[in-house]
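Below, each chain spelled out in residue letters.
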Amino acid sequence: MIPFALVQLRALITKEFQQIAADPRLLRLLIAAPVIQLLIFGTAVNFEVDVVPTAIVDQDRTSTSRAHVDELMADGTLVRALDAAQPDDALAAMDHGDVAAVIVLPEGLDATRLRHRPAPIQIVLDGTDVRRSTVAASAASRYFAQVDAPPPAIRLVPRILSNPTLDTQPYMVPGLAAMVLVITTTLITAMGLAREREVGTLEQILVSPIRSPVLLTGKVLPYAAIGLLDTGLALGAGSLVFDVPMRGSLVFLAVATMLYLLSTLGAGLLVATVARTQQQAFMGGFFFMIPAILLSGNMTPVLAMPKWMVPVTYLNPLRWFIEILRANLLEGSGFRELWVHLVMLLLIGSTLFVTALLRFRTKLG
Amino acid sequence: MSGRGDIEVDHLRREFGKFVAVDDVTFQVPRGEIFGWLGANGAGKSTTIRMLIGVLEPTGGDALVDGISVRKDPFGVKRRIGYMSQRFSLYPDLTVRQNMAFFGGAYGLSGKKLNDRIETVARDVDLTELLTAKTADLPGGTRQRVALGTSLLQEPGIVFLDEPTAGVDPVSRRMFWDLIRRISGQGTTVFVTTHHLDEAEECRRVGLMVDGKLVALDTPAALARDHVPGTIWRARAVGIQAAVPLLVGRPGVLDVQPFGSELHVRVDGLPKEMLDDWLRPRFPDLTLEQGRATLEDVFLAVVGHQEET
Amino acid sequence: MRFSPGRFFRRVMAMARKEVAHVRRDAGMLYLAIGMPLLLIFIFGFGVRFDADDLPVVVVDEDHSEQSDALIEALTASGDLEMVEMAEDEPAAELALRSNRAVGALIVPHGFGAIRQRGGTGEVQLLVDGTDGTIANMLLANTESLVLATSLREQRVMPAFAVSVSTRYNPAGESAMFLLPGTIAYVLALVSVLLTSLAVAREWERGSMEQLFATSVGTLEIVVGKLLPYLALGVLDVLLALALGALVFDLPIRGSLPMLALGSLLFIFGMLGQGLFISIITRSQMLATQLGALSAMLPSLLLSGFLFPTDNLPLLLRAVSVLIPARYLVALLRSVLLKGGGFLDVWQDLVGLLAFALVTVAASTASFKRRIA
Ligand SMILES: Nc1ncnc2c1ncn2[C@@H]1O[C@H](COP(=O)(O)OP(=O)(O)OP(=O)(O)O)[C@@H](O)[C@H]1O
Ligand SMILES: [Mg+2]
């Protein structure tokens with residue numbers, strides 16, 4: 001029986017590639033789009049808030065106050081975008097979105113200091129972007145805390161492992177690759193099967209002696225191959241263009257990628273068993289992809305999610321794969337450190353696949 | 001074609017919930033026969049076929065197709081038969097050859113064997129020049145031929161054709177039936193459903209379904225004899241349709257049916273002269289010819305009878 | 001033929017009615033239009049935050065002195081850092097980082113207590129797992145300010161300045177306030193492009209588009225008529241998202257509603273035009289959705305200022321982001337909702353949106369004309 005199933009599988013795969021080849025636009029999209037996207041978004045993602053446009057309201061107008069302002073701006077985080085005479089003018093500029101911080105230096109700085117009283121400094125922040133306001137607040141407080149202070153009692157000596165300069169790209173680009181991959185693989189499988197249903201060829205296959213595991217395997221293998229190719233291209237581009245290191249073993253990476261593809265393709269198949277039309281398949285695929293991408297921990301860390309949300313992310317294949325990619329590429333981790341992740345991917349993938357298979361079978365009766 | 005090539009249906013039954021789509025059907029089809037399976041829309045024809053090809057499980061009874069039980073080994077059945085569904089679909093974006101290669105592969109054919117079969121079948125259904133054409137570009141009738149050819153790739157002992165000529169023009173239909181006869185001549189059993197009763201006359205035997213039940217089964221001639229008693233006279237004249245009220249209810253007249261521009265008058269031992277006497281005064285250009293009951297007459301008689309009871 | 005506004009309007013309405021019938025027969029579209037805002041508001045309101053507390057750290061105390069105990073107590077008591085385990089030495093701590101049990105390690109080196117007793121500056125080391133830069137930055141900033149505060153407390157010196165920080169628009173510092181206005185724009189971007197690219201590509205596949213050509217309806221009328229019902233769905237989405245944001249997350253609406261409506265309408269029109277354009281040039285559902293997803297899903301997320309500030313982008317991409325309409329709507333919504341921005345604050349954004357809408361509708365009409373010719 002085995003050669004028989006293999007012949008069928010080969011026929012399915014050949015047919016799938018012939019269909020892809022019949023519309024070269026699709027092939028181009030499948031192969032070029034992930035890489036191009038990776039390059040664009042890889043350049044775009046940058047979490048470092050390096051510049052906060054700041055308005056200075058210097059009511060003291062002495063050489064002391066001017067010196068403080070200069071030193072405050074020295075490290076480049078706060079950038080002087082406006083000098084305002086009145087706090088109200090500065091606040092109006094903030095309303096308009098021109099500045100994100102206002103620093104008010106009161107009159108009589110030197111006099112206050114002479115009386116051995118702390119001089120009051122007012123800082124007003126635009127709170128819309130939490131990250132930016134945090135950066136601005138800590139830059140200002142750090143400066144004013146060290147003015148005229150004796151050497152500190154305790155000093156922090158940080159040492160950063162695996163990405164010492166904390167560049168955004170090395171840890172974001174692998175995650176982006178995973179995101180881009182889920183779009184290609186999940187949607188295409190879901191819609192491919194739905195299209196066969198719409199056109200009626202699925203019924204014709206079902207009356208032939210192809211068993212459903214063979215059918216589903218034949219339906220996903222071509223896209224698994226394309227997905228694997230895409231991953232290779234994306235990671236290659238990532239390491240060439242964005243200096244993402246590749247410290248781990250490639251074999252491990254390939255295994256992990258295949259397990260990951262098992263779950264994205266499995267999700268596509270599951271959607272396809274529910275959907276009657278391509279349109280429904282697309283929407284189903286979308287409702288899987290959107291939460292998977294946004295709750296993957298790539299753009300905002302899982303640690304920042306509310307506690308009750310964290311267990312939900314255990315079900316997200318993207319989350320595991322992104323952790324694998326980061327640990328493998330940046331730290332060189334392998335089976336020893338990441339076996340839990342592999343097991344999770346395998347569990348999620350095979351559950352999706354088997355559920356799709358069972359649903360597919362029972363729907364025929 | 002090593003199998004037995006026959007079909008034995010034994011008290012086959014299928015329910016959908018409370019609804020009985022196929023109700024206790026029993027019959028046999030010997031090898032090489034063209035067997036017609038007729039019935040109104042929703043009578044249960046496709047449901048019967050779907051059980052016989054191993055896709056739909058019977059809720060009662062069983063059938064041996066090519067000697068294999070559809071209950072016990074539906075996959076064994078699938079591998080031995082060919083099937084062309086009511087809505088056979090090919091991949092529109094692939095060529096005829098690519099389509100055939102795929103479906104051949106689905107039946108386990110590969111390599112030289114597959115290529116030989118594609119060539120042979122393409123010759124059988126007159127498609128050789130079209131193998132490299134894109135399927136989407138073919139006209140409907142040709143696509144049906146491709147579909148038929150595709151269902152013959154694995155050299156099945158039996159082919160099931162569910163309304164293969166629906167929506168096909170008359171010329172292509174005639175060509176298609178030439179093919180069916182050719183296939184049957186090669187020893188393949190053909191199980192075919194159709195709504196074109198003139199086509200069904202070509203079958204060796206036909207079975208008639210009404211509401212899931214098999215109500216008649218025989219050769220077209222025997223069905224006509226048994227279900228449409230008496231003699232049929234085909235009356236032709238200008239405006240002959242107006243004669244219906246003149247004839248209905250007369251002693252000896254069993255049935256009056258308009259049939260195209262003719263009137264089919266079925267009588268019970270009534271001599272031709274009598275009819276002539278009744279009609280000639282009103283229709284001077286009358287001609288009367290003895291006719292044979294068509295399957296359409298049979299169909300109407302049987303279905304009408306079923307509805308009365 | 002002279003242009004007659006009355007007839008134009010009637011034909012547009014006829015097209016729109018047909019399209020409405022489509023949408024109504026197709027429950028899937030409604031699910032998408034209603035489900036998407038629910039899902040995204042939920043995700044961005046609850047699930048996505050920029051700041052984390054309780055960052056898990058391991059602690060290595062090589063000193064075992066009174067001072068080191070006090071320091072560790074001071075650093076881990078705040079709730080910013082959570083001590084998940086004590087490790088023997090640095091290699092053990094590194095292992096904990098590599099197996100993702102903790103994101104950082106605090107190491108109090110041998111001799112810390114002695115130095116402090118002498119009045120010197122004691123050093124405490126922080127080992128940071130760099131694989132997630134976001135977390136790493138957070139850990140660095142949090143620990144640094146904790147150390148600074150502890151240091152000041154121990155010195156007992158009078159600070160030179162009393163810094164008072166006040167935060168406007170979002171005093172509680174909630175990520176949701178930053179994200180929700182952008183979420184509305186994102187929902188609209190996804191729903192509009194996807195609905196139209198699917199709807200029209202399907203008509204091409206089924207051949208019903210050819211039929212339209214046979215009628216005497218003008219191309220602009222077809223384009224506008226096709227867009228109108230989806231415009232209505234888009235407006236429904238805005239209302240839904242605003243209502244959810246206000247009810248569940250206390251999202252304020254400080255600015256004027258007409259400004260909000262104007263910006264959203266222009267944006268929806270532009271995105272619908274983009275979807276239509278895609279479906280006209282691809283004429284295949286599979287391709288149209290891929291292109292639609294590619295052109296709307298990630299760019300609107302990553303290049304619009306929704307998640308990352310656009311002024312961080314490299315110059316080339318900043319130029320690209322000028323072409324991403326979501327960028328203008330994100331800015332407009334933030335300004336109007338959170339800051340009560342008026343016309344003077346957002347007119348540039350409105351101009352950007354208007355330009356985009358005009359370009360996409362013109363492009364669809366033009367490519368449509370070419371198809372017919
Ligand atoms: N999967 C199903 N579930 C429920 N009812 C069904 C199912 N399949 C068929 N039926 C019903 O069984 C009856 C017989 O259907 P079937 O398709 O066999 O008719 P048919 O004779 O082939 O008609 P047609 O000439 O229209 O093709 C119909 O009333 C149909 O609605
Ligand atoms: Mg039928």
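So, a few notes on the structure that sits alongside this text. (Residues numbered from 1 in each chain as written. Chains lettered and ligands numbered in written order. Predicted model: local features only at pLDDT ≥ 70, side-chain atom pairs only at ≥ 80, totals over all residues. Heavy atoms only, no water.)

1. Considering the overall build of chain C
Thinking step 1. Check the secondary structure of chain C and you find 14 helices and 5 strands.
Thinking step 2. In terms of overall dimensions, chain C is more spread out than a globule: its C-alpha atoms have a radius of gyration of 28 Å, far above the 21 Å expected for 373 residues.
Thinking step 3. Seen through its C-alpha atoms, chain C measures out along the principal axes to roughly 95 × 45 × 40 Å.
Thinking step 4. When the 373 residues of chain C are sorted by exposure, 56% land in the buried category.
Thinking step 5. The long-range fraction of contacts in chain C, counting pairs at least 24 apart against all pairs at least 6 apart in sequence, stands at 81%.
Thinking step 6. Within the structure as shown, chain C displays about 15000 Å² of accessible surface, and the carbon and sulfur contribution to it stands at 62%.
Thinking step 7. Here chain C holds 28 positive side-chain charges and 33 negative ones, and the gap between their average locations is 25 Å. (Helix = DSSP H or I, 4+ residues; strand = E, 2+ residues; numbered from the N terminus. Rg over C-alpha atoms; globule rule 2.2 N^0.38 Å. Buried < 20%, exposed > 50% of the residue type's maximum accessible area, 1.4 Å probe, protein only. Contact = heavy atoms within 4.5 Å. Areas by Shrake-Rupley, 256 points an atom, 1.4 Å probe, with all protein chains shown as cover. Lys, Arg positive; Asp, Glu negative; His and termini not counted. Charge placed at Lys NZ, Arg CZ, Asp CG, Glu CD.)

2. Let's talk about the interface of chain A and chain B
Thinking step 1. Residue-level contacts link 27 residues of chain A with 27 residues of chain B.
Thinking step 2. Area buried by chain A at its contact with chain B is led by Q204, V207 and P209 of chain A, which between them contribute 25% of it.
Thinking step 3. On inspection of chain A and its partner chain B, the count reaches 7 residue pairs in polar contact (both at pLDDT 80 or more).
Thinking step 4. Per-element tally for the side of chain A that touches chain B: the top contributor is helix α1 (residues 2-22) of chain A, with 10 residues.
Thinking step 5. Partitioning the side of chain A that touches chain B into residue classes produces 12 nonpolar, 8 polar and 7 charged. (Buried area = accessible area lost by both parts, 1.4 Å probe. Polar contact = N/O pair within 3.5 Å; in protein donor to acceptor, adjacent residues only side chain to side chain. Nonpolar A, V, L, I, M, F, W, Y, C, P; charged D, E, K, R; others polar.)

3. Some thoughts on the nonpolar core
Thinking step 1. Counting residues in hydrophobic clusters, the biggest one holds 228 residues, and the most contacted among them are F286, I290 and M299 of chain A together with F44, M297 and L301 of chain C.
Thinking step 2. Top contributing element to this core by residue count: helix α7 (residues 175-206) of chain C, with 21 residues.
Thinking step 3. Those residues within four positions of F44 of chain C in sequence are excluded, and the remaining contacts are L294 of chain A together with A176, L179, T183, Y186, L301, F306 and L307 of chain C. (Core = buried A, V, L, I, M, F, W, Y, C linked by side-chain atoms within 4.5 Å.)

4. Concerning the interface of chain A and chain C
Thinking step 1. Contact with chain A, which involves 102 residues of that partner, is made by 112 residues of chain C.
Thinking step 2. Between chain A and chain C, a total of about 9800 Å² is buried, with carbon and sulfur atoms accounting for 66% of that surface.
Thinking step 3. Contact with chain C buries area across many residues of chain A, yet I154, L156 and Q279 of chain A alone supply 8% of it, more than any other trio.
Thinking step 4. Joining chain A to chain C, the criterion identifies 8 salt bridges.
Thinking step 5. Note that D95 of chain A and R168 of chain C form a salt bridge whose closest N and O atoms lie 3.3 Å from each other.
Thinking step 6. Applying the counting criterion to the chain A and chain C interface returns 36 residue pairs in polar contact (both at pLDDT 80 or more).
Thinking step 7. Element by element, the count of residues in the side of chain A that touches chain C is highest for helix α7 (residues 168-199) of chain A, at 13 residues.
Thinking step 8. Grouping the amino acids of the side of chain A that touches chain C by side-chain chemistry returns 62 nonpolar, 20 polar and 20 charged.
Thinking step 9. Strand direction decides the pairing type here: strand β5 (residues 154-161) of chain A and strand β4 (residues 122-129) of chain C, joined by 8 bridges, are parallel. Paired with V157 of chain A across the strands is Q125 of chain C, a residue of β4 of chain C. (Salt bridge = Lys/Arg side-chain N within 4 Å of Asp/Glu carboxyl O. Pairing = 2+ DSSP bridges.)

5. Some details on helix α3 (residues 96-106) of chain B
Residues and elements named next belong to chain B.
Thinking step 1. Counting buried residues in α3 gives 8 out of 11 residues, a clear majority hidden from the surface.
Thinking step 2. Of all the positions in α3, only V96, N99, M100, F102, F103, G104, G105 and A106 are classed as buried.
Thinking step 3. Two residues or fewer past α3, G108 is found with a positive phi of approximately 85°.

6. Some words on the site of ligand 1
Residues and elements named next belong to chain B.
Thinking step 1. Taken together, 14 residues sit near ligand 1, with G42, K45, S46, T47 and Q86 positioned nearest.
Thinking step 2. For ligand 1, an oxygen atom lies 2.7 Å from a polar atom in the side chain of K45.
Thinking step 3. Coverage of ligand 1 by the protein chains reaches 62% of its 630 Å² of free accessible surface.
Thinking step 4. Among the elements of the structure, β2 (19-29) and α1 (45-52) are those that each provide at least two residues to the shell around ligand 1.
Thinking step 5. Among the elements that line the shell around ligand 1, the one with the most residues is α1, at 3 residues.
Thinking step 6. When grouped by side-chain class, the residues that make up the shell around ligand 1 number 5 nonpolar, 7 polar and 2 charged. (Near = heavy atom within 4 Å.)

7. Section: the packing of α7 of chain C against helix α11 (residues 285-302) of chain C
All names here are of chain C.
Thinking step 1. Between α7 and α11, the shortest axis-to-axis distance is 9 Å and the interhelical angle comes to 170°. By the angle between their axes, α7 is roughly antiparallel relative to α11. Across the interface between the two elements, Y186, A189, L190, V193, L194, S197, L198, A201, R202 and E205 from α7 touch Q285, M286, A288, T289, G292, A293, A296, M297, S300 and L301 from α11.
Thinking step 2. Among the residues forming the contact of α7 with α11, the class breakdown is 13 nonpolar, 5 polar and 2 charged. (Axes fitted to C-alpha atoms, helices over the stretch in contact; angles between N-to-C directions. Parallel < 35°, antiparallel > 145°, perpendicular 65-115°, else oblique.)

8. Quick word on the packing of aromatic side chains
Thinking step 1. Inspection of every chain in the model, using the stated rule, returns 23 aromatic pairs over all chains.
Thinking step 2. Between F282 of chain A and F286 of chain A, the aromatic rings sit 5.3 Å apart at their centres with planes inclined by 40°, giving tilted as the arrangement. Highlighted residues: F282 of chain A and F286 of chain A, both in helix α11 (residues 278-294), separated by 4 residues, approximately one helical turn. F286 of chain A shares its class with F282 of chain A; the two are buried.
Thinking step 3. A ring pair is formed by F35 of chain B and F191 of chain B, whose centres lie 5.3 Å apart and whose planes are at 40°; its orientation type is tilted. In this pair, F35 of chain B is assigned in strand β3 (residues 34-39) and F191 of chain B in strand β8 (residues 189-193), connecting sequence segments 156 residues apart.
Thinking step 4. With a relative accessible area of 0%, F35 of chain B lands in the buried category.
Thinking step 5. Residue F191 of chain B is classed as buried on the basis of its relative accessible area, which comes to 0%.
Thinking step 6. The residue whose ring lies beneath K78 of chain B is F75 of chain B, and the NZ or CZ to ring-centre distance is 4.6 Å.
Thinking step 7. Taking the ring centre of F4 of chain A as reference, the NZ or CZ of R79 of chain B above it sits at 3.8 Å. (Phe/Tyr/Trp six-rings, centres within 6.5 Å; stacked < 30°, edge-to-face > 60°. Lys NZ or Arg CZ within 6 Å of the ring centre and 35° of its normal.)

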